[in-house]
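Now for the letters of each chain:
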Amino acid sequence: MKTFRFVLSLSITLALGIALNTKIGSIPPLGKFLSPFHGFWQNAENEAIDIKSTSIETGLKDSVNVYFDELLIPHVFANNEEDLFFTQGYITAYHRLWQMEFQLYSAAGRLAEILGPKIGNTSIVDIDRQMRRIGLMYGAQKSEELFKKEEPKVFALIESYTAGVNSYIENLSYADLPIEYKLLDYEPEPWTTLKCFLLISNMNNMLSRGERDLEHTNALKKWGREVFDVLYPERPDVIDPVIPVGTEFNFDPIIVEKPDVTFPLEFTEPLIDAPNPDNGSNSFVVNGNKTANGKVILANEPDLSLNLPSIWYVMQLNSPTINTMGATLPGGPGVIIGFNDSIAWGNTNAKRDLVDWYYIQFKDESREEYLYNDNWVPTRKVIEEIKTSGSFSYYDTIIYTHHGPVVYDRNFKSNKSEITNIAMKWTAHDASKEIKALYLGNKAQNYDTFVEAFSYFSGPPQNYSFASVSGDIAIWINGKFPVKWEEQGKFLMDGSDIDHEWKDYMPYAHNLHVKNPPQNFVSSANQHAADTLYPYYQYDYNYEHYRGRRINDRLRVLDNIKVKDMMNLQHDNFNYNAFEALPMMLDSLDSASFTDIEWSYYNKLRNWDYFNNPDLQAPSIYEQWWRKLNIKLWDEIDSSDVKVYRPNWYTTVEILKTKPNFIFIDNQETQMKESAGDLFRLTFKETISSLEEYLSNEDRSIQWYEYKNTTIRHLLRINAFSKGKVKIGGNRSIVNAASSSHGPSWRMIVELGDGEVNAWGVYPGSQTGNPGNPLYGHMINDWASGEYYKLIFKKSFTPSDKEVRHSITLKSDK
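> Requested: an account of the overall build of the chain, with residues and values cited.
In terms of helices and strands, the chain carries 23 helices and 30 strands. Relative to the compact-globule value of 28 Å for 814 residues, the chain shows a C-alpha radius of gyration of 28 Å, a close match. Reported as C-alpha extents along the three principal axes, the dimensions of the chain are approximately 85 × 75 × 70 Å. Buried residues in the chain amount to 60% of all 814 residues. Long-range contacts, defined as pairs at least 24 residues apart, comprise 72% of the intrachain contacts of the chain with a sequence gap of at least 6. Separation of charge centres in the chain, based on 81 positive and 106 negative side chains, amounts to 4 Å.

Written out as structure tokens, the structure is:
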């Protein structure tokens, strides 16, 4: 009996051990995960930083000193550039390895390898298929090959960065892995130079892929030209562009005549997922004529998804040839937004339609040839293997034409479409040199070297703001822009017709720019780039109509500006949309029939000053009313049998003001003909009802910050690793563009003059990406309340300096 019990006990123990160390479905092996010696317990850190000095077997030429300040910002001091970028890769991996790798698994179309083929009703395989079909890796591979051939010096630095990441990875044990690897039960793979280029492709995906060509085609076919032009006007009467109105352009432009062409005008449905239309930024610079101390001040904030780990990682990089500091992107070398001893730069997304779609006519079902310019041209086929964390792989055949990859075909997004073959032409598919631009920009010492550096920047197109210690300010719209005839690429085009091709690209000197303008400031907030004097056709479906006007309104009247004034402007909560729409909405109401509760809501709105401050209730009431109004107004668009999209907010206000009987305002399902006033009155009552129902739960409030519920979400959407109900005002289309999940991802202010550079910054997160670190997410509350940290930027450090929290030395084993 004792023997039986021993065998039984041993069998159970072995079975439990096997179970605990075997992955079951999406559940990680719990034995390793729960182990106090190797599992998630090892991710809990008593100290904010515990990285130690070490010897590096390969990759370093000399010793490198790294000094971490109180914010865990590393200040890297190396004796040469190769060691500098090696250490940047090594230190970034220490704090952000999982984020670096996960974001590029997504960009490469490899999420199914770690997440499995499906989560709930969401096909991860289809997400991967889309990423492969839009060609992010296609563009990255071209850029890598270009650098190998033409830029060996910069490519060697990319190799150094890669070697630094790998040096860190090679010394990791399971216990040291970031917790996300343990949760998903996989391990990091070696970093490659290709991943650095894929990071640029991923930036393009976020910031330059947005377009509505196929929705435009659907809308034009469905409603006709007159209605289309009302819904989607190209240029409103009131714009305040990036380049000041009246700027003269002293060059001879490349002329392209609009050919006599007919668009295919066929419905396309369904469509691929689009990037977030709110991706954008604010940047503004004032010169010494507007500041209290005569120095120039630059302010910049990229508005992107609010994530943990944070999008940005702040570093100082110092060698005998470089001394720069600012926000880096984990996974790539150099500083993206920042400053050095002589200049500062920031950027915002430059809105321009850089994606066009072409209908492809194949010769036959084999799809080995397609029609172009009355000839049959051979295609190229690429078979993509999409591996999954299960036991199978999915194979997808992608057809390439000279336009680009055929994204829509009989195998993908074609179940409702009359056209089954549509190719994507995108500037991001071309080889480009952004990493060189950033490298040279980090070293630039004045306006001329700054302009030269970013002449290599193709995309995603950016409005680069500039300031220097010598007092210059400027803005350049940098990117690679095709020369287009009017409305070229606004609709689906004929891939067989040579007249639909892009004929040329704008010379860099013709890119929009201005230096030291008479208004004494420059700014950009994703609005129209220039007035009609600019001789090239400019178009984007998603220009911003509020933030840029508000920034310029304030800068025109502000004088004796101090750093604090620039900080206040970054946190400005003025709701321009409400300012232009709410009086019209309130004036339409029949107050004679109000109930007491309706009077209460009405008075809160009537007495509101249009600022979306966090503690107020009026912003919640307005935003809910505006949302319900748009649902009622655009119900025909939302329920359309083919994909179309709502007009932007500015156009919506103009339609309600000037076309109160527009066809969409009338509810087609009723016999009565409704006007704009009818919609205002109906949705006002609906708003009150919905908010009263919401407030019936005693735990709820309609204070704006609680109702909006800005949440900084972990990339895996794990609540325990996220922070919700952040006390911040603003909203989309407000300068303080913090919505529920999107907003200022990095705020930076730089003051330059008298040979000095002083800078302040903050972002909604922390340098560490480890949820078990005591400083995880520690900057969020200060970011929300408008507090900034002084950025320590010195030419030398010692371990005993008061600013130094921790220091290490990486030594070469040579």
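Moving on, there is more to tell.
> Describe in detail helix α12 (residues 434-443), supporting the description with residues and values.
With respect to burial, α12 is a largely interior element, eight of its ten residues being buried. Within the span of α12, buried status applies to E434, I435, K436, A437, L438, Y439, G441 and N442.

> Give me the pattern of salt bridges: which residues, what numbers.
Under the criterion given, the structure shown has 45 salt bridges. As a salt-bridge pair, E151 and K433 come within 2.9 Å of each other at their nearest N and O atoms. Residue E151 is located in the loop between α6 (136-150) and α7 (152-170), and its partner K433 is located in the loop between β19 (422-426) and α12; the two are separated by 282 residues in the primary sequence. Given a relative accessible area of 10%, E151 falls into the buried group. Taking relative accessible area as the criterion, K433 reaches 15% and is therefore assigned buried. Each of D126, R129, R133, R367, D396 and D409 takes part in a single network of salt bridges with overlapping partners.

> Hey, could you go over the nonpolar core for me, with residue numbers and the actual values?
Grouped together as the largest cluster of nonpolar side chains are 176 residues, with contacts concentrated most on F339, W357 and F450. In terms of residues, this core owes the most to one element, helix α3 (residues 81-107), which gives 14 residues. If near-sequence neighbours (up to four positions away) are discounted, W357 is found in contact with E211, D213, L214, I272, V407, Y408, I422, A423, M424, F491, L492 and M493. Formed by 66 residues, the second largest nonpolar core is a distinct cluster that contains F228, V261, L586 and F684.

> Explain the environment of L111 residue by residue, including any values.
Residue position: L111 is located in the loop between α3 and α4 (112-115). A residue is classified by how much of its surface remains accessible, and L111, at 9% relative accessible area, is buried. Linking L111 and V125, residues 14 residues apart in sequence, is a C-alpha distance of 7.8 Å. Once you skip the residues sitting within four places of it in the chain, L111 turns out to touch F102, Y105, S106, G116, I124, I127 and D128.

> Tell me about the sheet that holds strand β1 (residues 54-56), and please be specific about residues and values.
Pairing in this open sheet of eleven strands is mixed, and the strands run β1-β30-β2-β3-β9-β10-β11-β12-β20-β21-β23 from one edge to the other. Edge positions in the open sheet fall to β1 and β23 (513-515), since each of these has one partner strand only. With strand direction ignored, the average angle separating the axes of adjacent strands in the sheet is 20°. Pairing analysis gives seven bridges linking strand β12 (residues 343-349) to strand β20 (residues 462-468), with the strands arranged antiparallel.

> Would you mind going over unusual backbone geometry in detail, with residue names and values included?
Most peptide bonds take the trans form, and the phi angle of most residues other than glycine is negative. Cis geometry marks the peptide bond from L308 to P309, where omega comes out at -5°. Structurally, P309 is set in the loop between β8 (307-308) and β9 (313-319). Residue P460 follows G459 across a cis peptide bond; omega there is 0°. Looking at where P460 falls in the secondary structure, it is placed in the loop between α13 (447-454) and β20.

> Please provide a residue-by-residue account of helix α10 (residues 213-223), values included.
In terms of burial, α10 is largely enclosed, as eight of its eleven residues are buried. Within α10 the residues assigned to the buried category are D213, L214, E215, H216, T217, N218, A219 and L220. Packed against the buried residues of α10 are α11 (225-231), β13 (355-359), β18 (406-408) and β19. Following α10 by one or two positions, G224 has its phi on the positive side, about 90°.

> Quick rundown of the side chain of H571? Include the residues and the values.
Among the secondary structure elements, H571 is positioned in the loop between α15 (563-570) and α16 (576-587). With relative accessibility at 14%, the residue H571 sits in the buried group. At 3.3 Å, the side chain of H571 forms a polar contact with the side chain of R747. In this view, H571 contacts N736, R747, W783, A784, G786 and Y788; residues no more than four positions away in its chain are not counted.

> Requested: an account of the pairing of strand β17 (residues 393-400), with residues and values cited.
Inspection of the sheet shows strand β16 (residues 380-387) paired to β17 by eight bridges, in the antiparallel sense. Residue pairing in the sheet places K381 in a bridge with I399 of β17. Hairpin connection, β16 to β17: the antiparallel pair is bridged by five residues.

> Tell me about the environment of S740, and name the residues and values.
By the secondary structure assignment, S740 is in the loop between β25 (713-714) and β26 (742-744). S740 gets classed as partly exposed once you look at its relative accessible area, which sits at 31%. Residues S740 and K725, 15 residues apart in the sequence, show an inter-C-alpha distance of 8.8 Å. Residues in contact with S740, not counting those within four places in the same chain, are K708, N709, T710, T711 and R713.

> Run through the side chain of S733, naming residues and quoting values.
Mapping S733 onto the fold places it in the loop between β25 and β26. A polar contact of 2.8 Å, which involves the side chain of S733, links it to the side chain of E544. Among all residues touching S733, those that are not within four sequence positions of it are E544, Y546, R547 and W649.

Parameters at a glance
Residues numbered from 1 in each chain as written. Predicted model: local features only at pLDDT ≥ 70, side-chain atom pairs only at ≥ 80, totals over all residues. Heavy atoms only, no water. Helix = DSSP H or I, 4+ residues; strand = E, 2+ residues; numbered from the N terminus. Rg over C-alpha atoms; globule rule 2.2 N^0.38 Å. Buried < 20%, exposed > 50% of the residue type's maximum accessible area, 1.4 Å probe, protein only. Contact = heavy atoms within 4.5 Å. Lys, Arg positive; Asp, Glu negative; His and termini not counted. Charge placed at Lys NZ, Arg CZ, Asp CG, Glu CD. Salt bridge = Lys/Arg side-chain N within 4 Å of Asp/Glu carboxyl O. Core = buried A, V, L, I, M, F, W, Y, C linked by side-chain atoms within 4.5 Å. Pairing = 2+ DSSP bridges. Axes fitted to C-alpha atoms, helices over the stretch in contact; angles between N-to-C directions. Polar contact = N/O pair within 3.5 Å; in protein donor to acceptor, adjacent residues only side chain to side chain.

It is worth stressing that arrangement in space is one thing and function is another; only the former is reported here.
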